[in-house]
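Letter by letter, the chains look like this.
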Amino acid sequence: MLPRHIAIIMDGNGRWATQRFMPRIAGHKAGVDSVRKIVKACVEKKIEVLTLWAFGNENWKRPQQEVSFLMNLMTSMMENEIKKIHEENIQLHIIGDRSRLDKNLQQKIAQAEQLTANNSGLKLIIAFSYSGYWDITEAMRKIAVEIQENRITPTDISPELIQQKLALANFPDPDLFIRSSGEQRLSNFLLWNLAYTELYFTNVFWPDFDVAELEKALLFFASRERRFGATSEQLQAGQYA
Ligand code: IPE
Ligand code: IPE
Ligand code: MG
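Starting afresh in each chain, residues are numbered from 1 along the sequence in its written order. Chains and ligands are labelled by the order in which they are written, letters from A for the one and numbers from 1 for the other. The model is predicted, so local features are restricted to residues of pLDDT at least 70 and side-chain atom pairs to those at 80 or more, both for listing and for counting; the totals for chains, interfaces and linings are taken over all residues. Side-chain numbers come from the whole structure's heavy atoms, not from hydrogens or water.

Visitor: I'd love a proper account of the packing of aromatic side chains, names of residues and values included.
Guide: The relative placement of two aromatic rings is captured by the distance of their centres and the angle of their planes. We call Phe, Tyr and Trp rings a pair once their centres come within 6.5 Å, taking the six-membered ring for Trp, and we label the pair stacked below 30 degrees between planes, edge-to-face above 60, and tilted otherwise. On inspection of all chains with the given rule, the structure shows 10 aromatic pairs. Ring geometry for Phe 177 versus Phe 189: centroids 6.4 Å apart, planes at 50°, classification tilted. One end of the pair, Phe 177, is in strand 5 (residues 176–179); the other, Phe 189, is in the loop between strand 5 and strand 6 (198–201), with 12 residues separating them in the sequence. Taken together, a centroid distance of 5.7 Å and an interplanar angle of 65° make the contact between Phe 177 and Phe 201 edge-to-face. Of this pair, Phe 177 sits in strand 5 while Phe 201 sits in strand 6, and the two are 24 residues apart along the sequence. Partly exposed residues are those whose accessible area sits between 20% and 50% of the maximum for their type, while under 20% is buried and over 50% is exposed, using a 1.4 Å probe and protein chains only. The exposure class of Phe 201 is partly exposed, given its relative accessible area of 26%. The structure contains a cluster of three or more aromatic residues connected by ring pairs, namely Trp 53, Tyr 130, Trp 134, Phe 177, Phe 189 and Phe 201. Runs of E in the DSSP output that reach at least two residues are strands. Runs of H or I that reach at least four are helices, and both are numbered from the N terminus.

Visitor: Help me get a handle on the layout of surface pockets, residues and values and all.
Guide: The method works on a 1 Å grid over the protein atoms by themselves. A cavity is a set of points holding a 1.4 Å probe that cannot get out, a pocket is an open set with protein on both sides within 12 Å along at least five of seven lines, and residues with an atom within 4 Å of a point line them. Grid points are joined across faces, edges and corners, and a volume is the space filled by probe spheres set on the points. Its volume calculated, the largest pocket comes out at about 680 Å³. Surrounding the largest pocket, 32 residues form its lining, Met 10, Asn 13, Trp 53, Ala 54 and Phe 55 being those nearest its centre. Elements supplying a minimum of two residues to the lining of the largest pocket: helix 1 (13–19), helix 2 (24–44), strand 2 (49–56), helix 3 (64–80) and strand 4 (123–130). Computed from the structure, the second largest pocket encloses a volume of approximately 230 Å³. Taken together, 13 residues form the lining of the second largest pocket, with Met 1, Phe 221, Arg 224, Arg 226 and Phe 228 sitting closest to its centre. When residue character is reported, Ala, Val, Leu, Ile, Met, Phe, Trp, Tyr, Cys and Pro are called nonpolar, Asp, Glu, Lys and Arg charged, and the others, Gly included, polar. Classifying every residue of the lining of the second largest pocket by side-chain character gives eight nonpolar, no polar and five charged.

Visitor: I'd love a proper account of the pairing of strand 4, names of residues and values included.
Guide: Burial analysis of strand 4 places seven of its eight residues in the buried class, which makes it a mostly covered element. Two strands are said to pair when DSSP picks up at least two bridges between them. Examined bridge by bridge, strand 2 and strand 4 share seven bridges and lie parallel to one another. When the bridges of strand 4 are listed, Gly 56 appears paired with Tyr 130. Handedness is read with the strands pointing away from the viewer; a crossover is right-handed when the path from the first strand over the helix to the second is clockwise. As for the winding sense of the linkage, the β-α-β connection from strand 3 (residues 91–95) through helix 5 (residues 103–116) to strand 4 is left-handed.

Visitor: Which residues make up the pattern of salt bridges, and what values go with them?
Guide: Salt bridges are counted wherever a side-chain nitrogen of Lys or Arg sits within 4 Å of a carboxyl oxygen of Asp or Glu. Applying the stated rule across the entire model yields 21 salt bridges. Here Lys 45 makes a salt bridge to Glu 215, at a shortest N to O gap of 2.8 Å. Here Glu 215 lies in helix 8 (residues 211–222) and Lys 45 lies in the loop between helix 2 and strand 2, a separation of 170 residues in the sequence. With a shortest N-O distance of 3.1 Å, Arg 141 and Glu 138 are connected by a salt bridge.

Visitor: Explain empty space enclosed by the protein to me, using residue names and the numbers behind them.
Guide: This model, assessed by the stated rule, comprises one cavity of 30 Å³ or more. Taken as a whole, the largest cavity encloses approximately 150 Å³ of empty space. Every residue along the wall of the largest cavity is listed here: Val 35, Arg 36, Val 39, Lys 40, Met 77, Glu 81, Lys 84, Ile 85, Glu 88, Ile 90, Leu 124 and Ile 126. Listed by contribution, the elements that provide at least two residues to the lining of the largest cavity are helix 2, helix 4 (82–87) and strand 4. Here the lining of the largest cavity takes four residues from helix 2, the largest share from any one element. When the residues that make up the lining of the largest cavity are grouped by side-chain class, the tally is seven nonpolar, no polar and five charged.

Visitor: Provide a residue-level description of unusual backbone geometry, including the pertinent values.
Guide: At Ser 187, a position not held by glycine, the phi torsion is positive, near 50°. Take Ser 187: it is sitting in the loop between strand 5 and strand 6. Classification of Ser 187 by relative accessible area gives partly exposed; the value is 30%. Of note, the phi angle at Asn 188 is positive, near 70°, even though the residue is not glycine. If you trace the backbone, Asn 188 turns up in the loop between strand 5 and strand 6. What makes Asn 188 buried here is its relative accessible area of 10%.

See below:
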């Protein structure tokens, strides 16, 4: 079985570059090629949703030069890749704290989303200036406002309601999570939505992550039995199909 939704922490760009005696930004540049390859492969495989984490809220603390480079890279993606994304019938979404981005990038993101809004192919979500804490905090704020305005009461708060206020409200939760570069942690990525996701880690640095690596992750996923708390016997009896 293929996952409906794949979420990836694209990690290891810096180390990939350092190993080659190149500046870290060369790794980020090389990482864009991997993004293109993996997006194309997901389109071909008819994956429904692909979420890529490109910049975390904690990454704002990196050297200013590196942050600027990543901001410019995102801006140029929104300007120069969007045509191709649109041609491939991809629906683009950006999740994260936009208020921290400069006005030009905010505008480019809004335009890119608008252009591709009616496309019916792969839903490509780029998490940018995103963190799980930020996402859950925003959800809590929205719920608090609804209570304050007497639209709901505290008893209405449920896992489903919280889910509806998160950045991935309109998408199924990720089925398969992939992190490259050997780190085995979530680093404040999608904290709520990864509750039942199958986790796959590979030592390969993101610029070396290619379609063959994706295939390995898909094979891993296909071999998992997802029980969601039930027993294997119950699943086999079709009780939770
Ligand atoms: C991931 O690669 C890309 C971003 C966080 C923007 P890193 O830049 O974290 O690369 P390493 O982990 O230092 O090798
Ligand atoms: C997380 O990676 C963010 C992205 C890959 C975009 P980091 O490389 O910054 O995470 P830590 O700090 O090593 O956990
Ligand atoms: Mg890293």
